[in-house]
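Reading the structure
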Amino acid sequence: MGLLLLLTSTLLSSYFHPGRVVNAQQSFTIRDVTLSIEPSTDVTRDTNVTLRCQAIVSSSGQEPLSREYTIYKDSNTIYTKTSSTSEDLLYPLPEVRVSNTGKYKCAVNIEGKQVTSEAKKLTVTGLSRPVLHLNKRAVSEGEELTASCTAPGETGFIFFYFYEDSKEILEKQVNSNQAEAKLRFNSIGIHKIHCSYIVLVTPGSFKSNQSTSITVSVKELPITVVLEIAPQYKIYEGDQLVILCTMNNFAHSSESVHLYLSQGTRLLSTGSTKVNHSMVAQAKDPGEFECRLEMGNIVKVTTKTVSVTELFSVPTLTMSPAEVFQKDYMTLTCKSESYATERLSKGELTYSLDPPQSFLMSKDNGVFFGKALLYDFNYTCVAQAKGVVKHSETLTVRPKVAVSIPKISVVGRAVLGQPFKVLCQSDTGSLPINYTLLKDYTPLSTTSVKLPFQQALFTVNITNTNEINKYMCEAKNSHKEGPLSKRLNATVVVPLSDLILSFISNSQEISEGGYLYLICSTLGTPPITFKLYHEGTEQPVYSTTSNLNHTSYEIPVLSKEHSGKYYCEAVNHANIVITSDPVIIDVHLALWKKAVIGVFSLVVLLVLLVAAVLYFRSNRVKVGRAEVSVWSKRPPVADATNDEESSVVSSEPDVEYTEVVHPQPVDPARVPLRKGTDTVYSELQNSPHGEFYILKAAPNDIFILTMDQITAWNCKSGCS
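Residues numbered from 1 in each chain as written. Predicted model: local features only at pLDDT ≥ 70, side-chain atom pairs only at ≥ 80, totals over all residues. Heavy atoms only, no water.

1. A closer look at the overall build of the protein chain
The criterion, for reference: Numbered from the N terminus, helices here are DSSP runs of H or I no shorter than four residues, and strands are runs of E no shorter than two. Buried, partly exposed and exposed residues are distinguished by accessible area as a fraction of the type maximum, computed with a 1.4 Å probe on protein chains only: under 20%, between the cut-offs, and over 50%, respectively. A 1.4 Å probe and the Shrake-Rupley method give the accessible areas. Residues count as covered only by the protein chains that appear here.
Within the protein chain, the regular secondary structure consists of five helices and 55 strands. For the protein chain, the residues scored as buried account for 35% of the 720 residues in total. For the protein chain, the exposed area adds up to about 42,900 Å²; of that, 53% sits on carbon and sulfur atoms.

Put into structure tokens, the structure is as follows:
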């Protein structure tokens, strides 16, 4: 049953749609689609051109497949056809024109599958010569004629151009091959007319040759314009002028008529048949008058030039002196260099200032006197006579500001023996300002300040600190004597010199457990940065900035590690680093260590002595008849003598010899010390009261330190 239904459906489909059945049963592929242009891609106009679209299709059946052809020109569809044959599609372009130029391609669609050919360009050359036609060949001024230009046989979008005596006068854009234009001629005589056209073809265009020229004769209308001016001769400023503009030989016309009277670019009056105008003659105004008639496109013009004699010249306003300061007296003079003596006397010509509130008094006719204001002011001179008024150019008086007392200062720091900059500056004053540097009223150099942000800088070098107060500066911006500044007052930085490192100890001998003050002192201007170095270390053991010329560093508990060379570095705002001579510090053993070593040595000595005695006793001998011992008593006399010597010695102070290193003093006025590391051997006498030490050194060198002084040195590091 199902097979019967399928067979019936197939037969019905074959009956109603035989092509579709074949297609449904066939497999196909569109192998290629090509477009060819016959006879050539480059042809001249009037050639019959054929576009051939060929499709190569491979299929499994015998019946041709239904296919749809589409022809494109510049991507626009120009032709579509459905065919059931395999024959090529031929699309004719009979008698081609330039407008047929373009890119063509074709597409083939079979059951939804489409293939497009490559584009081929057709180029058509050659345009027909345009034909010009005029409805009249003789016209009057302003009369209209009709001109038509035709491009025989041409199609497409065309631009037509009309020419008068080779000059383009009109352009028309049309979609046909003919254009009309309305032409008028304003100048009489013979005129030659021709036309041409351009066919627009994307993306370019093609231009035709020119048409044959046609001659048009233009006759003059009898209408004339008349311009009359009174008076006619020797016209002076202030005279009354009467001007009349009219026309002659005017015949009635449908066109409206207008008359225009003008002077230069200024329109004086208008009318239809006559224009009348009166005015006062002015020498400054243009002397040419024009009467103009306009009737449609017809224009008639006549002109006349009038010479006006100047009654008096334009005044000039001057100022004296040429440069004025605020509240200084000044004089303004207003004057006309020439005037017509035959028409005008000197007394009839008067002068005034504008604005009237000029704050100046009139001394004479045209002379004004008064004080300059505190601000800029504009003055204008007004000269007048017989109704003629003339203004001078505006004079702007800009009173200058007197320079104020200058201020002198040091830029940066003043360093003794090094160049530094000195600035001289006034708070107020009109530029330019000349600044002069003086030393004890003697000019050294001058500089001119011409710009608002410019500075007057001078280079100075001094050799002593008091020299800086000798400098002053003068500011001047006029012929008058300029004000002087105060004397230069600034701190002079003295570079450092004579850096000395000295020390103070709490005992005669520098030993372990004691304390030591290292003192750096120098000459120069504080603040000073001191750095104390222990040789063998890169970083300073002590660094400080002091407002004094010296500083001290305390080692509270001495040890052997503190032995070695010490030196000091110092620098101030002069940025010159100086270094002291090194000082050698030798830290001795502590007293208790020496005592231990002494006791130990004494014990060893006693042991050796006892051993020696025992040795001699065991080996004693007898000499002669008497038995003599190695030990005997001291004779009394001798004992007495020895006791006396002992008594004498004990009456003197205990004397001890030691090695003393003399430090350099911090305050030479209080503690005279010996500089450097010279070593001398001196007697140290212990005062019974323990208040001071006396060091007897080389001749003429006596050095005393009291306990108060040592305490004072301790307080430099800080004490309550």
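2. Digging into the pairing of strand β4 (residues 67-73)
Selection criterion: Each pair of strands is called paired provided DSSP finds at least two bridges between the two strands.
Extensive coverage of β4 is indicated by the burial of six of its seven residues. Alignment of β4 against strand β5 (residues 76-83), held across seven bridges, turns out to be antiparallel. Note on β5: the bridge partner recorded for Tyr 72 is Thr 77. Here β4 hands over to β5 after two residues, with Asp 74 in that stretch at a positive phi of 50°.

3. Remarks on the sheet that holds strand β45 (residues 516-523)
Where we set the bar: Geometry is summarised by axes, namely lines fitted to C-alpha atoms with helices restricted to the contacting stretch, and by angles between N-to-C directions that run from 0 to 180 degrees.
In spatial order, the strands read β44-β45-β48; together these three strands make up an open sheet with antiparallel pairing. Edge positions in the open sheet fall to β44 (497-505) and β48 (550-555), since each of these has one partner strand only. Each adjacent strand pair in this sheet contributes to an overall mean axis angle of 15°, direction not counted. Of the pairings in the sheet, the one linking β45 to β48 comprises six bridges and is antiparallel in character. Note on β48: the bridge partner recorded for Ile 519 is Ser 552.

4. Details of the sheet that holds strand β25 (residues 288-295)
Taken in spatial order, the four strands line up as β23-β22-β25-β26 in an open sheet, and their pairing is antiparallel. Of all strands in the sheet, those with a lone pairing partner are β23 (266-271) and β26 (298-305), marking the two edges. Strand-to-strand twist in this sheet, taken as the mean axis angle between neighbours without regard to direction, amounts to 20°. Pairing between β25 and β26: eight bridges, direction antiparallel. Following the sheet pairing, Glu 294 is matched in β26 by Val 299.

5. Overview of the side chain of Ser 546
Here is the rule: Here a polar contact means two N or O atoms within 3.5 Å. Within protein one must be a hydrogen donor candidate and the other an acceptor candidate, and residues neighboring in sequence count only if both atoms are side-chain atoms. Residues count as neighbours in contact if any of their non-hydrogen atoms are within 4.5 Å of one another.
Mapped onto the elements, Ser 546 comes out in strand β47 (residues 542-546). Residue Ser 546 is classed as buried on the basis of its relative accessible area, which comes to 12%. Within the structure, Ser 546 has its side chain in polar contact with the backbone nitrogen of Leu 548 (distance 2.9 Å). Among all residues touching Ser 546, those that are not within four sequence positions of it are Pro 526, Pro 527, Ile 528 and Phe 530.

6. Quick notes on unusual backbone geometry
The linkage connecting Ala 230 with the following residue, Pro 231, adopts the cis geometry, with an omega of -5°. Mapped onto the elements of the fold, Pro 231 is located in the loop between β19 (224-230) and β20 (235-236). The step from Ser 320 to Pro 321 runs through a cis peptide bond, and the omega angle for that step is -5°. Note on placement: Pro 321 falls in the loop between β28 (316-320) and β29 (329-335). Positive phi, close to 75°, is recorded for Asp 46, a residue that is not glycine. Relative to the elements of secondary structure, Asp 46 occurs in the loop between β2 (42-44) and β3 (49-59). One non-glycine residue, Asp 74, adopts positive backbone phi at about 50°. Here Asp 74 shows up in the loop between β4 and β5.

7. Here we look at a nonpolar patch on the surface
Rules: Patches here are clusters of residues that have more than 30% relative accessible area and form no salt bridge, with a 9 Å joining cutoff for like charges and a 5 Å cutoff for nonpolar side chains (Val, Leu, Ile, Met, Phe, Trp, Tyr). Salt bridges are defined by distance alone: a side-chain nitrogen of Lys or Arg within 4 Å of a carboxyl oxygen of Asp or Glu.
Residues Leu 602, Leu 605, Leu 606 and Leu 609 make up a contiguous nonpolar surface patch of about 390 Å² in total accessible area. Secondary-structure assignment places Leu 609 in helix α3 (residues 591-617).

8. What about the packing of aromatic side chains?
Note on aromatic pairs: each is described by the distance of the centres and the angle between the planes. Just so we agree on the cut-off: The pairing test for Phe, Tyr and Trp rings, Trp by its six-membered ring, is centres within 6.5 Å, and the orientation test on the planes gives stacked under 30 degrees, edge-to-face over 60, and tilted for anything in between. In this scheme, Lys NZ or Arg CZ marks a charge over a ring once it lies within 6 Å of the ring centre and within 35 degrees of the ring normal.
One pass over the structure, following the stated rule, counts 10 aromatic pairs. Judged by centre distance (5.1 Å) and plane angle (25°), the ring pair of Tyr 542 and Tyr 553 falls under stacked. Highlighted residues: Tyr 542 in strand β47 and Tyr 553 in strand β48, separated in sequence by 11 residues. The class for Tyr 553 is partly exposed, based on a relative accessible area of 24%. Ring pairing ties together the aromatic residues Phe 359, Phe 377 and Tyr 379, which thus form one cluster. Seen from the ring of Phe 369, Lys 363 lies directly overhead, with NZ or CZ sitting 5.2 Å from the centre. Stacked on the ring of Phe 312, the Lys or Arg Lys 390 has its end atom at 4.9 Å from the ring centre.

9. Digging into the state of the cysteines
Note the threshold: When the sulfur atoms of two cysteines come within 2.5 Å, that pair is taken as a disulfide.
Following the criterion strictly, the structure yields six disulfides and no others. The disulfide that involves Cys 334 links it to Cys 381, with 1.3 Å between the sulfurs. Judged by the torsion about the S-S bond (-65°), the Cys 334/Cys 381 disulfide is left-handed. Placement of Cys 334 in strand β29 and of Cys 381 in strand β33 (residues 377-385) is noted, with a sequence separation of 47 residues between them. For the residue pair Cys 334 and Cys 381, the accessibility class agrees, reading buried in each case. Disulfide pairing is shown between Cys 520 and Cys 568; the S-S distance is 2.2 Å. On the S-S bond that ties Cys 520 to Cys 568, the torsion sits near 130°, and the link is right-handed. Residue Cys 520 is found in strand β45, and its partner Cys 568 is found in strand β49 (residues 564-571); the two are separated by 48 residues along the sequence. In this structure, Cys 520 and Cys 568 share a single accessibility class: buried.

10. Points about the pattern of salt bridges
Pairing is possible between side chains of opposite charge, provided their charged atoms come close. Enumeration according to the criterion identifies 19 salt bridges in this entry. Asp 427 is the partner of Lys 407 in a salt bridge, and the nearest nitrogen-oxygen pair spans 3.1 Å. Pair noted here: Lys 407 is in strand β36 (residues 407-411) and Asp 427 is in the loop between β38 (420-425) and β39 (433-439), with a separation of 20 residues, a long-range link. With respect to class, Lys 407 is no different from Asp 427; both count as exposed. Through salt bridges that share partners, Arg 45, Asp 46, Arg 97 and Glu 154 make up one connected network.

Note that all results are geometric; they support no functional claim without further evidence.
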